[in-house]
Structure formats: structure tokens, C-alpha cells
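Overview (structure and organization)
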Amino acid sequence: MKLSPNTAPVEPGDLLIRLHNQFGAAVDVTGSQHGQASRWDCHGCGEQSEFPVLDSLFMTRAKANKHAATCRAAYHRLA
């Protein structure tokens, strides 16, 4: 099955928020709603949380949103 280049990845089971960068690639925030241990991953450029064990959802959401607002990488399947 051929997928278009901007097909969103499958939602992980612990997905809390899905943002999209300037070119439509998913930026997922996953983990715990309470306390620490939430993370973000960009499916466009591959960048991710620097300290996922220490970040609260509030901080993770802000960092993911900032990244999504500036990232211009597109999601492309290589296979």
C-alpha cells in the first residue's frame, strides 16, 4: 500500500496531544498527564524531548508547540 508523504503516523497508546508543524508533520506529546515523564517527538525532523523523565505536561506542551511553530521538516516515508 502506497502512502502519501504527509500521512500521519499511527497514534501511540499514550498520546496526549498531537500538534502539526508548518508542513503538516505530526508533533506528538505522549506520557503522563500528572507529574513528570511526558515527552514530545517530531515526526518531521526527528527532534524530541531533551529530558523526558523530568518534564511535566505543562512544560512539554509548551516546548512541543514552540517546535511545531518553527519546524519546516516534512514527514516522508522512505520504504
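The coordinates are above.
Analysis parameters
Residues numbered from 1 in each chain as written. Predicted model: local features only at pLDDT ≥ 70, side-chain atom pairs only at ≥ 80, totals over all residues. Heavy atoms only, no water. Patch = residues over 30% accessible without salt bridge, like charges linked within 9 Å, V, L, I, M, F, W, Y side chains within 5 Å. Areas by Shrake-Rupley, 256 points an atom, 1.4 Å probe, with all protein chains shown as cover. Salt bridge = Lys/Arg side-chain N within 4 Å of Asp/Glu carboxyl O. Helix = DSSP H or I, 4+ residues; strand = E, 2+ residues; numbered from the N terminus. Buried < 20%, exposed > 50% of the residue type's maximum accessible area, 1.4 Å probe, protein only. Pairing = 2+ DSSP bridges. Axes fitted to C-alpha atoms, helices over the stretch in contact; angles between N-to-C directions. Contact = heavy atoms within 4.5 Å. Core = buried A, V, L, I, M, F, W, Y, C linked by side-chain atoms within 4.5 Å.

The next point concerns a nonpolar patch on the surface. Residues F51, V53 and L54 make up a contiguous nonpolar surface patch of about 330 Å² in total accessible area. The residue V53 is located in the loop between β3 (38-42) and α1 (57-70) in this model. A relative accessible area of 63% places V53 in the exposed class.

Take the sheet that holds strand β2 (residues 26-31) next. The three strands are arranged β1-β2-β3 in an open sheet whose pairing can be described as antiparallel. Lying at the two open borders of the sheet, with one neighbouring strand each, are β1 (15-20) and β3. Strand-to-strand twist across the sheet, computed as the mean angle between neighbouring axes with direction ignored, equals 20°. Summarising the sheet, β2 and β3 pair through five bridges and their orientation is antiparallel. Within the sheet, the bridge partner assigned to T30 lies in β3 and is R39. Sitting on the sheet, α1 touches β1, β2 and β3, and the angle it makes with β3 is about 10°.

Once that is clear, we can look at the nonpolar core. I17, L19, V27, V29, W40, C42, L57, A64, A68 and C71 together form the largest nonpolar core, which totals 10 residues. Those elements that provide at least two residues to this core are β1, β2, β3 and α1. Sort the elements by how many residues they give to this core and α1 lands first, with three residues. Discounting chain neighbours no more than four positions away, the residues touching C42 are N21, A26, V27, E47, H67 and C71.

Let us look at the pattern of salt bridges. For the structure shown, the criterion picks out three salt bridges. The partner of D28 in a salt bridge is R18, and the shortest N-O contact between them spans 2.6 Å. Taken together, the positions of D28 in strand β2 and R18 in strand β1 put the pair 10 residues apart, joining distant regions of the chain. A relative accessible area of 21% means that R18 is categorised as partly exposed. Put simply, K63 and D55 hold a salt bridge, and the shortest N to O gap is 3.2 Å.

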